[in-house]
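Observations on the model geometry
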Amino acid sequence: QFIRRKDFVVIPSLHRLIMWLAGFRVLPLGWLALSGWFVTTMMGVSGIDRPIYLVVCAWTAPGVIALVFGLLLRPRVLVQPDYPTRGAVGQGLTVHADLHNPGRFPQLSIGAGLYLLPLEIDPEPPSDVIAAIGPGESARFEIGLTPRRRGHYKMPGVVAFSTFPLHFFRTPAGGSDRWPLLVLPSFHTIHRIDIPIGTRYQPGGIALTSHVGESPEFIGNREYVPGDPIRHIDFRAWARLSKPAVREFQEEYYCRIALVLDTFTGKAEPPTPAGFPDFEAAVSLTAAVTDALSRGEYLIDLFAAGPQLHVFRAGRHTAHLDNVLEILAGVGHTVDNPFERLAPALLEELHNISTVVCVFLDWDKRREHIVRAAAEAGCSVKVVVVRDEDTTESLSRAHHWTPHVQQVTVAAVTGGGVDTL
């Protein structure tokens, strides 16, 4: 009883009308009546003097009665929906809709639902139609949805309807506005991640981690030098030494990790409603790695070059995990080489980055260039390839630049088989 669409705006008017009739307006009994009317009409088209004409009238009368009375007694209800604003792939969502009857007469055979949904959203079976909503009364409906693919969606509003009098047609009785839904990538928790850790001095590193209340470490006093900040003068040491002295501080050294997501699928065909399995698995694994790293004392930089270049720097702890997941929700695949845009953005930051974690879909010379540049810049590198078949070039070449190389299958990522990296 649901019909869905990829992009409602570009559907031609006739196609849109057919979808609306098939998905919302006509109920199964209505289709039965229309089918009977069509068949008998074709049988009796040769003339009206044949007995089949009476059968045509018998099929026509109920449909006309249902349509006319449904329009004449068209109900009016107020729809007050409660929408979820975010969810995760495979996680069921529930839309609550309160239908209120502001009139003086009862509204009969009332129901509510979501129609013309995106292809990536699966509806659950619709709620039952209730017999009536009395004057001044309200009724609550629950509408279930299950996202199959991450992304940002503009969802259709809840539509209230009536099937009175014969349950042939749905007559619109009210509706609500469209609403946004953010679907985050789902992932399985990685309990342990073995990455080469190093620290580098971060200019302005304290500002990067200001949310955890850290400050530079005091390492001692030294003699005052013209140009030193006045606020660093240690007056107690000055009084003790009889000459100006200042406090000396040392900025913290942090482990800053660059997380590189490969979006180059190289596939010209459009994705299924669930997306490309290997790319979606790579996004899921990137989310799992981010979750594991967010539980430690790391600064995380996310680099992903899809149709747009995404560069995001997250601070410490799990407070920034949601920000990374929101970016991953909108990252799309690309059929053009994205490394020409990704490499310059990454190379600019390599002098401050301690470790680079690469989640690749394949291994070839273009990806090897990224890993080689990171290794030559003094960064520790870990490479994870999400792929079922053999890579384009031998993965053993990656060992020239890093000993931390691993290939995992799509099924292992989506099934939770990757709990350590």
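The structure this text deals with has already been given above.
Below is a summary of the structure that appears in this document.

The rules we used
Residues numbered from 1 in each chain as written. Predicted model: local features only at pLDDT ≥ 70, side-chain atom pairs only at ≥ 80, totals over all residues. Heavy atoms only, no water. Helix = DSSP H or I, 4+ residues; strand = E, 2+ residues; numbered from the N terminus. Buried < 20%, exposed > 50% of the residue type's maximum accessible area, 1.4 Å probe, protein only. Contact = heavy atoms within 4.5 Å. Areas by Shrake-Rupley, 256 points an atom, 1.4 Å probe, with all protein chains shown as cover. Expected span 1.5 Å × (residues − 1). Arc of directions from axis to C-beta. Axes fitted to C-alpha atoms, helices over the stretch in contact; angles between N-to-C directions. Parallel < 35°, antiparallel > 145°, perpendicular 65-115°, else oblique. Nonpolar A, V, L, I, M, F, W, Y, C, P; charged D, E, K, R; others polar. Pairing = 2+ DSSP bridges.

Quick word on the overall build of the protein chain
Looking only at helices and strands, one finds 10 helices and 22 strands in the protein chain. Classification of the 421 residues of the protein chain by burial places 46% in the buried group. Taking the contacts inside the protein chain whose residues are at least 6 apart along the sequence as the reference set, 73% of them involve residues at least 24 apart. A total of about 21,100 Å² of accessible surface is found on the protein chain, and carbon and sulfur atoms cover 57% of it.

Some words on helix α2 (residues 28–43)
Its 16 residues give α2 an end-to-end C-alpha distance of 23 Å, which sits within 8% of 22 Å, the value for a rise of 1.5 Å per residue. Within the sequence span of α2, burial applies to Gly30, Ala33, Gly36 and Thr40. Relative to the axis of α2, the buried residues are bounded by an arc of 125° and lie together on one face. Buried positions along α2 lie against α3 (52–72).

Side note on unusual backbone geometry
In terms of backbone geometry, most residues other than glycine have negative phi values and most peptide bonds are trans. Across the junction of Phe164 and Pro165, the peptide omega takes the value 10°, indicating a cis bond. With a phi angle near 60°, His167 is a residue other than glycine that sits in the positive phi range. Position of His167 relative to the elements: it lies in the loop between β11 (159–162) and β12 (171–175). In this structure, Ser242 is a non-glycine residue whose phi angle is positive, near 65°. Mapped onto the fold, Ser242 is located in the loop between α5 (235–241) and β16 (245–250). Among the residues examined, Ser242 registers a relative accessible area of 65% and is labelled exposed.

Topic: the packing of helix α6 (residues 277–294) against helix α7 (residues 321–330)
Packing of α6 against α7 leaves a shortest axis separation of 10 Å and a crossing angle of 170°. By the angle between their axes, α6 is roughly antiparallel relative to α7. Contact residues: α6 offers Val283, Thr286, Ala287, Thr290, Asp291 and Ser294, while α7 offers Leu321, Val324, Leu325 and Leu328. Grouping the constituent residues of the contact of α6 with α7 by class yields 6 nonpolar, 3 polar and 1 charged.

Points about the sheet that holds strand β5 (residues 107–113)
Pairing is antiparallel across the open sheet formed by 4 strands, whose spatial order is β8-β5-β11-β12. Every other strand in the sheet has two partners, leaving β8 (130–133) and β12 as the edge strands with one partner each. The mean inter-strand angle of the sheet, taken between neighbouring strand axes irrespective of direction, is 45°.

A closer look at the sheet that holds strand β7 (residues 121–123)
Each strand in a sheet pairs with another by means of backbone hydrogen bonds, the pair being arranged parallel or else antiparallel. Pairing is antiparallel in the open sheet, where 4 strands are placed in the order β2-β4-β9-β7. Looking at the sheet topology across the chains shown, the edges are occupied by β2 (78–82) and β7. Looking at each pair of strands side by side, their axes are set apart by 30° on average, direction ignored. As judged from the 3 bridges shared by β7 and strand β9 (residues 138–147), these two strands associate in the antiparallel manner. Among the inter-strand pairings, Ile121 is bridged to a residue of β9, identified as Pro147.

Some words on the environment of Ala274
Following the sequence through the fold, Ala274 ends up in the loop between β17 (253–261) and α6. Separated by 127 residues in sequence, Ala274 and Pro147 have C-alpha atoms that sit 8.9 Å apart. When residues no more than four places from it in sequence are discounted, the contact partners of Ala274 are Arg148, Arg149 and Glu280.

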